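Analysis of the macromolecular model
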Amino acid sequence: MTKFTTFLGTLLALVFLIGLATTLTRSTMISFFDVLPVYILMAIAIFMLVYEAFFDKK
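Note that the structure is a prediction, hence the values are computed from the model and not measured.

**Some details on the overall build of the chain**
Check the secondary structure of the chain and you find two helices and zero strands. Relative to its length of 58 residues, the chain is extended, with a C-alpha radius of gyration of 14 Å against a globular reference of 10 Å. By the burial criterion, 12% of the 58 residues in the chain qualify as buried. Counting only carbon and sulfur atoms, one obtains 76% of the accessible surface of the chain, whose full area is about 4900 Å².

**Points about helix H1 (residues 2-23)**
Over its 22 residues, H1 extends 32 Å from the first C-alpha to the last, a length consistent with the 32 Å expected when each residue adds 1.5 Å. Listed as buried for H1 are Thr10, Leu14, Leu17 and Ala21. Considered in projection along H1, the buried side chains sweep an arc of 70° and stay on one side of the axis. Residues of H1 that are exposed and point over 90 degrees away from its buried face: Phe4, Leu12, Val15, Phe16 and Thr23. Along its buried surface, H1 packs onto helix H2 (32-55).

**Quick notes on the packing of aromatic side chains**
Counted under the stated rule, the structure contains two aromatic pairs. Between the aromatic rings of Phe47 and Tyr51, the centroid separation amounts to 6.2 Å while the plane-to-plane angle is 20°, which identifies the pairing as stacked. Remark: Tyr51 and Phe47 occur in helix H2; sequence separation between them is four residues, near one turn of the helix. Judged by relative accessible area, which is 59%, Phe47 ranks as exposed. A ring pair is formed by Tyr51 and Phe55, whose centres lie 6.4 Å apart and whose planes are at 35°; its orientation type is tilted. Pair noted here: Tyr51 and Phe55 are both in helix H2, with a separation of four residues, about one helical turn.

Rules used in this analysis
Residues numbered from 1 in each chain as written. Predicted model: local features only at pLDDT ≥ 70, side-chain atom pairs only at ≥ 80, totals over all residues. Heavy atoms only, no water. Helix = DSSP H or I, 4+ residues; strand = E, 2+ residues; numbered from the N terminus. Rg over C-alpha atoms; globule rule 2.2 N^0.38 Å. Buried < 20%, exposed > 50% of the residue type's maximum accessible area, 1.4 Å probe, protein only. Areas by Shrake-Rupley, 256 points an atom, 1.4 Å probe, with all protein chains shown as cover. Expected span 1.5 Å × (residues − 1). Arc of directions from axis to C-beta. Contact = heavy atoms within 4.5 Å. Phe/Tyr/Trp six-rings, centres within 6.5 Å; stacked < 30°, edge-to-face > 60°.

Have a look at this one:
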């Protein structure tokens, strides 16, 4: 049950973060290079989220 809730929570957080990052590119006034730092920070946040949820077992 713990693995299921961890997976579900991680999945919901990933969907939220990816949706948040992709809504920035919908505007025609914002170019890809304006959103690139957001994509980099989102990738770092997603990596840290997945690492802490599944691989960091102390």
